[in-house]
Amino acid sequence: MDQNHKKDGMWILPATGPSPTVQMSEPDAFKNISSSNKFVVNLVREACQNTLDATDDATAVINFNYYKDESLRYGDYSKFFSGLNNFIKKSQIQDEAPEKIKPGEYKQPDFILIQDYGTGGVEGEIGSDRENNFWQFFLNWGISNKNKNRIKGNLGQKGLGRQAFLWVSRIKSCFVLSKRANDKALCGMSFLNAHSDEGVQFAPQAVFAKGTFNSVYELHSGSEQEVTDDEETLVNDFEHKFKIDFEEDETGTAIVIPLPRIKFSDNFEVVAKASL
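Right, let's walk through the structure included here. This is a predicted model, so every value here is computed, not measured.

Another aspect to go through is the side chain of Lys-179. Its place among the elements puts Lys-179 in strand β5 (residues 173-179). Asp-249 provides the closest opposite charge to the buried, salt-bridge-free Lys-179, at an N-O distance of 6.7 Å. Within the structure, the side chain of Lys-179 is placed 2.6 Å from the backbone oxygen of Glu-250, a separation counted as a polar contact. Not counting chain neighbours up to four residues away, the residues in contact with Lys-179 comprise Gly-120, Gly-121, Lys-184, Phe-246, Glu-247, Glu-248, Asp-249, Glu-250, Thr-251 and Gly-252.

Spelled out as structure tokens, the structure:
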């Protein structure tokens, strides 16, 4: 077994080595909301906050959509989850009530799409180190990736609010497609239980990526320097299946939350509007 990470399908689970391990848990700020709609409220607020922080003085638009009807989905989605379910099962061995997802749910998942337009996308060089906004968004928790000079009003600065995207999902996962001026960057993350396997200690977060590079990851969408035909095809298929509709010269960020919590999904549109 690789002592640095484990790769299964399209997902990678990094090993922690001798580093301390922090279990990902629902933030107290989320728990303090008494309403059963707390996940929707936090989701909408965090998404709008991110968009506002990214727009500067420009005009931006953000849309929220929940795709529940199977007739609105296209083909088989399971390749995007390939390997993830194995990581989830392994990490939940000690759980009293582990989340059980049927194979058919990965093949035809319901999902929430949050898409903003005109924001420039999540910036940062993909092939660089993790000290930029892109990798801080995916990998650094408790450290804000927001430029303090651009934060408006009481917008978040603790680097925790974006957890809302994952806690809404039954598998605590989300995908992010960043459409920047010159490229597209597709990544994903999933919260797991920290656990060991064959004597190797693994982190509590898996990443949708094809490899590792120093302290960051090689993405399925390619790099700034090169995008292969297979990588372009994968991203196009992802956009098509998850109904992401950026125009050719448009920038922005699309967040896909698969398999949302059942108690949350029934009245999503009503609660989302009320949260604005």
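Let's pick the thread back up.
Our next topic: the packing of aromatic side chains. Applying the stated criterion to the full structure yields 22 aromatic pairs. What links up through ring pairs into an aromatic cluster is the set Trp-11, Tyr-67, Tyr-77, Phe-80, Phe-81, Tyr-106, Phe-111, Phe-175, Phe-208, Phe-238 and Phe-242. Over the face of the ring belonging to Phe-137 we find Arg-162, whose NZ or CZ atom lies 5.7 Å from the ring centre. Over the ring of Trp-141 we find Arg-162, and its NZ or CZ is 4.5 Å from the ring centre.

For the rest of this paragraph, the subject is the nonpolar core. Of all hydrophobic cores here, the largest spans 40 residues; its most connected members are Ile-114, Trp-135, Phe-138, Phe-165 and Ile-257. Sort the elements by how many residues they give to this core and helix α2 (residues 38-55) lands first, with six residues. Sequence-distant contacts of Phe-138, defined by excluding residues within four places in its chain, comprise Val-176, Cys-187, Gly-188, Met-189 and Gln-205. Counting 34 residues, the second-largest nonpolar core is a separate cluster that includes Phe-175, Phe-202, Leu-234 and Val-235.

Among the eight residues that make up strand β6 (residues 184-191), seven are buried, leaving the element largely enclosed by the rest of the structure. With seven bridges connecting them, β5 and β6 associate as antiparallel partners. By the bridge assignment for β6, Phe-175 is matched with Gly-188. Counting the residues in the hairpin turn of β5 and β6 gives four residues. Alignment of β6 against strand β9 (residues 205-208), held across three bridges, turns out to be antiparallel. Each bridged residue has a counterpart across the sheet, and for Phe-191 the counterpart in β9 is Gln-205.

Conventions used here
- Residues numbered from 1 in each chain as written.
- Predicted model: local features only at pLDDT ≥ 70, side-chain atom pairs only at ≥ 80, totals over all residues.
- Heavy atoms only, no water.
- Helix = DSSP H or I, 4+ residues; strand = E, 2+ residues; numbered from the N terminus.
- Buried < 20%, exposed > 50% of the residue type's maximum accessible area, 1.4 Å probe, protein only.
- Lys, Arg positive; Asp, Glu negative; His and termini not counted.
- Salt bridge = Lys/Arg side-chain N within 4 Å of Asp/Glu carboxyl O.
- Polar contact = N/O pair within 3.5 Å; in protein donor to acceptor, adjacent residues only side chain to side chain.
- Contact = heavy atoms within 4.5 Å.
- Phe/Tyr/Trp six-rings, centres within 6.5 Å; stacked < 30°, edge-to-face > 60°.
- Lys NZ or Arg CZ within 6 Å of the ring centre and 35° of its normal.
- Core = buried A, V, L, I, M, F, W, Y, C linked by side-chain atoms within 4.5 Å.
- Pairing = 2+ DSSP bridges.

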